[in-house]
Structures are given as C-alpha cells and as structure tokens.
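One letter stands for each residue in the lines below.
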Amino acid sequence: MNDAPQPVKFDAVIVGAGFAGMYMLHRLRECGLSVRVFEAGGDVGGTWYWNRYPGARCDVESMEYSYQFSAELQQEWEWSERYATQPEILDYASHVADRFGLRSDIQFDTRVASAHYHEASDCWQIETDAGDSVSARFCIMATGCLSSTNTPDFNGMQDFQGPVYHTGEWPHEGIDFTGKRVGIIGTGSSAIQSIPIIAEQADELWVFQRTANYSVPAHNRPLDAAEVRSVKTDYANFRVMNYAMPAGFGATKPHHDGLAIDATEAERNARFATRWELGGLGFMGAFEDLMLNPDANELAAEWTRAKIRTIVEDPITAELLAPRQTIGCKRLCVDTGYYATYNRGNVHLVDVSETPVDRFTASGIEVADREYPVDCIILATGFDAMTGALLSIDIRGRAGLSLQDKWAAGPLTYLGLSVHGFPNLFTICGPGSPSVLSNMIPSIEQHVNWIADCIVHMSTSGRIAIECEAQAEADWVTYVNSIADMTLYPTCNSWYLGANVPGKPRVFMPHIGLPSYIEKCEDVVQKGYDGFAFY
Ligand code: FAD
Ligand code: N01
C-alpha cells in the first residue's frame, strides 16, 4: 500500500503573498478557481513585510503606489504622507487581506521548494519546505523582483561577535541603536533611507561605501486634504493618466520637454533646481535626453554633484559622496537629510571602492589593515534582483527542463510573463516586463489582469495549456535589450544588469517603458494570443 500523502489538487497555486500574490488570488477567486497561495513570510505584504529597517518608505507617492482594482478600497483608504512609511504600507496590505478575506487561502511560513510540470496530466506538482505536496493546473510566480537578499560572502563573517542585520530581513521587534557603534555596508536606497535615522541614535556610525549614489530629496510631508480630495474625486482618470506615463506615475506633476544639450546654462540650472525642489524620482524628467545622451546626462550629474558639495561641509567627504557614474543608471535614491547627515560628528564615511572590506573581525570591520570597531553590522547590500527568487525554486518544465539551466546565460521570457518550455507557468512582473522601472502596483495589476483574462479565455475555449513560442521569446529578449541599448542604462554596474551579484550573467532585465509594453500585451491578445501556443 502506498501511504504517501495524496496530492491536493487546485486550479492554481500562487507563490508569494505580496501585492502581486494578493491581487492574483482575489482575481482568480472571482473567476471561480480554487487557489492556494504559499508565502514564506508570516503574513501578507511581501517587500513591506520584510524590509522593516528604520526609514523604509516608498519612493513613488502614496496616492499612486496603491491598488486601483477596487474603487471602494481606493476611496476608503487614507494615506497620511506624500511617501508612506513601511508600517503604513504594511497596514494597507493587511487591510486589503481583511477586506477581501484573502488569508483563508494563504498558507504562511511556507516556502515553495520545487515546482515540476507533469506532461501526462498537464499539471504542476508543487512541494514546500513544510512538506506539502499539491498539484495545480496553473502555477503563478508572485515571488517578487526584490525579495531574495544579496549577502556578500565577506571573509570572517562568522567571527564577528555582534549581531549582523540585512535591511531586507529586518527583525520585527526593531532595533534601538542608542549607545551603539554601528557599521553599515552599502549606499543604495535602503542605506540612504536608514542612515539619517540610525545616525541620530547611534554613538558612532561608520558607512562603508563602494559606489557613491545619486539621491534627491523626498520633501516628504503630510498629505494635504484638498490634494487628496482632488485625486479621489476622479481617481479612475488619475490612474488612466498615470498608465500613460513612461514609468506609470507622475502624470499630475509639471511636464518638461526639450533637450538639456539645447538649453542655456541658466535654463538648465533653473529646471534642475525646480525638480530638486519638487523632490522625488521626477528629477530625471527635467529634460528628455538625460537617459539617452551622455553629454546631457553629465550636465544633470554635475549639477547634482555641485549640489552635494553645497550640503556636505567637509570637502573630502563631499568629493567621496559625489557619484561618478551616469545619473539614473543605478536607481535614483530619494532621501530625507541623507547628505547633511555627513555633517554630524558621529558619522564617518569609509571609502571601499579601491580597497574593499577585507574581513569581519570579532569586534569590527577591517579595511586596508585598519579595524573599525563596531557593536553591530548592517548589510544594506541589496538583492539578487528579478531572477533570484525564481531561481531559488527548483522549477522544471517539459521534459524535466530546469529554469536554472534555461536561464544560465540570463533570463529568457516572452513579455516577462511566460517561459517557453514551461506551460501554464506565469511570472508576475518577471524579467522582460517594466516591473522595477515602473510604479510596481499598477504594473502588477496589469499583469494579474492579463493572466486572469487569459485563464478565463482558456476555460471558455476549452484549452488545457498555454505556452509561449520559442521564436516569440527570443524576439522579445532581443527587443528588450535593443531598447536598453538605446539608453544609458547599460553603462554602469547596476542590479538591473545583475552586476551586483558575483557570477550573475550581465543582461539588462527590465523592459523600459510602460505604455508601449501595455500596448504590446493588448495587441498580443487582439491577435489571438500572438506568440503563444494552446493545447
Ligand atoms: P514582493 O512584495 O517581493 O512579494 C513576494 C513574496 O513572495 C515575498 O513575501 C516572499 O516571501 C514570497 N516568496 C518568494 N519566494 C518564495 C517561495 N519560494 N515560497 C514562498 N514564498 C516566496 N516599488 C515601487 O513601485 N515603488 C516604491 O516606492 C517601492 N519601494 C520599495 C522599497 C523597498 C525597500 C523595496 C525592497 C522595494 C520597493 N519597491 C517599490 C519594489 C517592491 O518590491 C514592489 O513595489 C512590490 O511591493 C512588489 O510586490 P510583489 O508582490 O511583486 O513582490
Ligand atoms: O540595494 P542596492 P538596496 N562591498 O543594490 C553595496 C528598492 N528600494 O537595498 O553600488 C561593499 O541598491 C552596493 O555597492 P555597489 C529600489 O528599487 C527602494 O539599497 O554595488 N558594498 C550598494 O551600494 C532599490 O534600487 C527604496 O558598488 C557592497 C549597496 O550595497 C532596490 O530596492 C528603498 C557590496 C546595495 O544597494 C535595492 O536597494 C530601498 C560589497 N561586497 C530599496 N555588495 C525606496 O526608497 C553590495 N554593496 C522606495
């Protein structure tokens, strides 16, 4: 007798319960499907469940960084600040889960270890680290673009006697740095948000910087009631206008056209200053050629460096903080008081660009034979972005083809939604979609709606399986890269290219431009799912 547990059969399994997994569950339940969601964390929220470091908040404005699928939800939820804090966004995710009764179909504290496609039954067999074994017609990866942390293998990590925290796996109870000597490695968005707050608590803060990053002020503030009312009066139109923006946000902000290289110095300076005062990611919208022409980019970069020099009092520190790479090539950071924090006596910048971190000792961090004694270390070292979470699952498609093998030279997808050889597997905001180069919640909703509509189409037309064609996939990857090659994005070592993770193939992963992408997805459907095969 075979006493192995019988697999449970669902119409769909969703992996991940961040904003993508939550909305996918809601849509599929509305379509009448039986669904099980597996989530490694203890509750919903994804990014906002894990990234609890001091100062964590969104850099797309709250009124834009939220769901639009329910008119009631978007009317009833009140954001308190221009850029919502992590706790507020997590409360929002929790509210959505309560309001739509999502938790009953989500199994928390459960990591999916493998997903194998069985051709005989046209089903996915999914196994978890908790011992679950379930089968489903569809397997939908809502595993997140920035959910797999990147922890460099520093020598002697195990020797350090104090605690080591990663910003992307922050302790739920929070940390009080009062009276502590703190070392933080990294100067990306997570570090830039947390450094000013940690600096206020800690006795000494040592910042280990490998590459200086550009950051613009957030000018965060409480939301004005009149401003909220004006958006809520016609939220639907506000959303439509934002979907037409290159990155899915900023439609109601001042629009600027023209080329930086054609403007006079006075015009340029005035426009950069206006954008700096407005605050936020819109800085790169000052002129149309900033991400296309290196000379134009250098004008914006040098303006920003000059700005940093006016804020940071010590000229040596100011020079170290002035980035050299193309501005906007790595994701622009948005801060509150970041550069001014270096004017504090207890904050010290350690340049590790030429002489890297040698090792962790029992009591500190060693660089170029000097030990910096610290009580705790923060790794603000980012993520194995876009592919990390997917490739840490043993995903196998037709004929046992593993995704790890298929993507050995870089991710291959059609529309960032589908992978040839992996029928009925969908990736929400996968590599090859606008995802991280867009306001992600609207991008997630667009993907979820596309997938749900596709599943309904299959059901009404009696189709069992869908798979993208090899040629469509190859053409899409070429196209995504050809767009990137027209821009300055490939000119630095960003995580968009996988350059932050040693050994990761250097391939530009996101699709640049949301409106053209949405148009393509709609066109594919209108042409009878062009580039896909059904059986
Ligand atoms: P996630 O929120 O990452 O959720 C994925 C979930 O899948 C996680 O909970 C994870 O535990 C789970 N998971 C992964 N693998 C497995 C597995 N094998 N088994 C079970 N569960 C698994 N985007 C913006 O547009 N605007 C912003 O302002 C913004 N701010 C950000 C700030 C920070 C600090 C970070 C890190 C990212 C930010 N992002 C922002 C990007 C953010 O990731 C997205 O906006 C969005 O939250 C992604 O939702 P998601 O559901 O796709 O993925
Ligand atoms: O990670 P990062 P992040 N030795 O990869 C350094 C989103 N986000 O968590 O640049 C020394 O940007 C690394 O140096 P270098 C947003 O999309 C948004 O900060 O590789 N240093 C870099 O300085 C963002 O882009 C917000 O030379 C090492 C840093 O660690 C994305 O998440 C807030 C090192 C990593 O920076 C990732 O941001 C937070 C080593 N061995 C995150 N390895 C918002 O504001 C790495 N580094 C909304």
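Everything that follows concerns the structure shown earlier in this document.
It should be emphasised that the depicted structure is a prediction, and the values quoted were computed from it without experimental measurement. (Residues numbered from 1 in each chain as written. Chains lettered and ligands numbered in written order. Predicted model: local features only at pLDDT ≥ 70, side-chain atom pairs only at ≥ 80, totals over all residues. Heavy atoms only, no water.)

## Focus: the state of the cysteines
So the rule is basically this: Two cysteine sulfur atoms make up a disulfide if the distance between them is within 2.5 Å. Numbered from the N terminus, helices here are DSSP runs of H or I no shorter than four residues, and strands are runs of E no shorter than two. Partly exposed describes any residue whose relative accessible area lies between the buried limit of under 20% and the exposed limit of over 50%, with all areas from a 1.4 Å probe on protein chains only and scaled to the type maximum.
In this structure the tally under the stated criterion is 1 disulfide. Put simply, C329 and C492 are joined by a disulfide, and their sulfur atoms are 2.2 Å apart. The sign of the -105° torsion about the S-S bond sets the C329-C492 disulfide as left-handed. Taken together, the positions of C329 in the loop between α10 (315-321) and β11 (333-335) and C492 in the loop between α15 (470-485) and α16 (514-526) put the pair 163 residues apart, joining distant regions of the chain. Under the relative-accessibility criterion, C329 is labelled buried at 0%.

## Comments concerning the sheet that holds strand β12 (residues 347-351)
This is how the line gets drawn: A pair of strands is labelled paired if DSSP reports no fewer than 2 bridges between them. Note on definitions: angles span 0 to 180 degrees between N-to-C directions of axes, and those axes are lines fitted to C-alpha atoms, for helices only across the stretch in contact.
Strand order in the open sheet formed by 5 strands is β7-β16-β8-β9-β12, and the pairing between neighbours is parallel. With one partner strand each, in any of the chains shown, β7 (164-166) and β12 form the two edges of the open sheet. Sheet twist, expressed as the mean angle between neighbouring strand axes with direction ignored, is 20°. Inspection of the sheet shows β7 paired to strand β16 (residues 376-379) by 3 bridges, in the parallel sense. Bridge assignment links Y165 to a residue of β16, and that residue is I378.

## Focus: the packing of aromatic side chains
Put simply, the test is: Working definition: rings of Phe, Tyr and Trp (its six-membered ring) pair if their centres are within 6.5 Å, and the pair is stacked with planes under 30 degrees apart, edge-to-face with planes over 60 apart, and tilted otherwise.
Enumeration according to the criterion identifies 42 aromatic pairs in this entry. For the ring pair Y23 and F69, a centre distance of 4.5 Å and an interplane angle of 20° mean the geometry is stacked. Pair noted here: Y23 is in helix α1 (residues 19-30) and F69 is in the loop between α2 (47-50) and α3 (71-76), with a separation of 46 residues, a long-range link. Classification of F69 by relative accessible area gives partly exposed; the value is 23%. Seen in terms of ring centroids, W450 and F532 are 5.5 Å apart; in terms of plane orientation they differ by 40°. Their pairing is tilted. Of this pair, W450 sits in helix α14 (residues 440-460) while F532 sits in strand β20 (residues 532-534), and the two are 82 residues apart along the sequence.

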